[in-house]
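Close look at the chain arrangement
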Amino acid sequence: MLKKIFLLFFIFGTQNLAALEITLDDLRILLGNWTKLVPDGAYDFVPDDVTYEIYSDEKFQEKLKIAAEKLNNKINESKIKLAGYMVPVEMKKGKVSKFLLVPEAGQCIHVPPPPLNQTVLVEMDDKLADEVNIYKPIVVSGSINVGSNSFDVADSGYIITSPKVSTIKIKK
């Protein structure tokens, strides 16, 4: 259900942007790439039918917290392409030099922050990026490395360097 809502937001939130044109199938692949950041078995303890009682259980919440901090070392130094949302964390000359990429809009502006294994630091190197509205989806591709960084808004578990950053337009 959450993926369907996420897809709808991507579709209707980007129709008037001049951007990278992708199909819905491309978008599904890009959204699925976020699962590569989670190591196999990290969430195997979660039952198919999560009830309120299970979800609110203190031990279950602790397991969720531990799973959220697990990083996938198998993807270190590999190429990746992710669709997500920009949360600027460093500006230079009025442009973005570093930002967090998260899979859902507004994740870093509320508590709790997104999981460590679902937050990526994007370092723009010498190519600074224009700031993008935090509710407008973007695509980032580049080399991903495992490595934690802390910021006021959230912590990241991965870093993408030498990225290519584009906004999204869905092909009709």
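Here's what I pulled together on the structure shown here. Computed from a prediction, not measured in an experiment: that's the story for all the values here. Numbering of residues begins from 1 in every chain and follows the order in which that chain's sequence is written. Local features in this predicted model are restricted to residues of pLDDT 70 or higher, and side-chain atom pairs are both shown and tallied only at a pLDDT of 80 or more, whereas totals for entire chains, interfaces and linings draw on every residue. Side-chain calculation: all heavy atoms of the structure are included, whereas hydrogens and water are not.

**Structural notes on the overall build of the protein chain**
Using the following cut-off: By definition, any uninterrupted DSSP run of H or I lasting at least four residues is a helix, any uninterrupted run of E lasting at least two residues is a strand, and each is numbered from the N terminus. Only protein chains enter the calculation, and the probe is 1.4 Å; a residue is then buried if its accessible area is under 20% of its type maximum, exposed if over 50%, and partly exposed in between. Where accessible areas are quoted, they stem from the Shrake-Rupley method and a 1.4 Å probe; at the residue level, only the protein chains shown are allowed to cover.
When you go through the protein chain residue by residue, the secondary structure sums to 4 helices and 6 strands. Tracing the protein chain from N to C terminus, the helices and strands come up as α-β-α-α-α-β-β-β-β-β. The buried share of the protein chain, reckoned over its 172 residues, is 41%. Carbon and sulfur atoms provide 53% of the accessible area of the protein chain, an area that totals close to 10100 Å².

**Focus on helix 4 (residues 58-68)**
Put simply, the rule is: As used here, the arc belongs to the directions running from the helix axis to the C-beta atoms. Contacts are assigned to residue pairs with any non-hydrogen atoms lying within 4.5 Å of each other. The definition of a polar contact used here is a pair of N or O atoms within 3.5 Å, where within protein one atom must be able to donate a hydrogen and the other to accept one, and adjacent residues in sequence count solely through side-chain atom pairs.
Taken together, the buried positions of helix 4 are occupied by F60, L64, A67 and A68. Along helix 4, the residues classed as buried sweep out an arc of 95° about the axis, all on the same side. Turned more than 90 degrees from where helix 4 packs its buried face, E58 and K59 sit exposed. Where helix 4 is buried, its residues touch helix 3 (52-56). Taking the backbone nitrogen of K59 as reference, a side-chain oxygen 3.1 Å away marks D57 as the first, capping residue of helix 4.

**Observations concerning unusual backbone geometry**
A positive phi angle is found at K93, which is not glycine, with a value near 55°. Along the polypeptide, K93 turns up in the loop between strand 2 (78-92) and strand 3 (95-102). We classify K93 as exposed; its relative accessible area is 83%. Residue S162 is not a glycine yet carries a positive backbone phi of 45°. Summarising the element assignment, S162 is placed in strand 6 (residues 155-170).

**Some remarks on the packing of aromatic side chains**
Note the threshold: A pair of Phe, Tyr and Trp rings is counted when the ring centres sit within 6.5 Å of each other, with Trp represented by its six-membered ring. The angle between the planes then sorts it: under 30 degrees is stacked, over 60 is edge-to-face, the rest tilted.
Taken as a whole, this structure holds 3 aromatic pairs when the rule is applied. When the ring of F45 is compared with that of F60, the centres are 5.6 Å apart and the planes differ by 70°; the resulting orientation is edge-to-face. Linking F45 in the loop between helix 2 (24-32) and helix 3 with F60 in helix 4, this pair joins segments that are 15 residues apart in sequence. For F45, a relative accessible area of 26% puts it in the partly exposed group. Cluster of aromatic residues (ring-pair linked, three or more members): Y43, F45, Y55 and F60.

Functional significance is not addressed by these values, which are geometric in nature.
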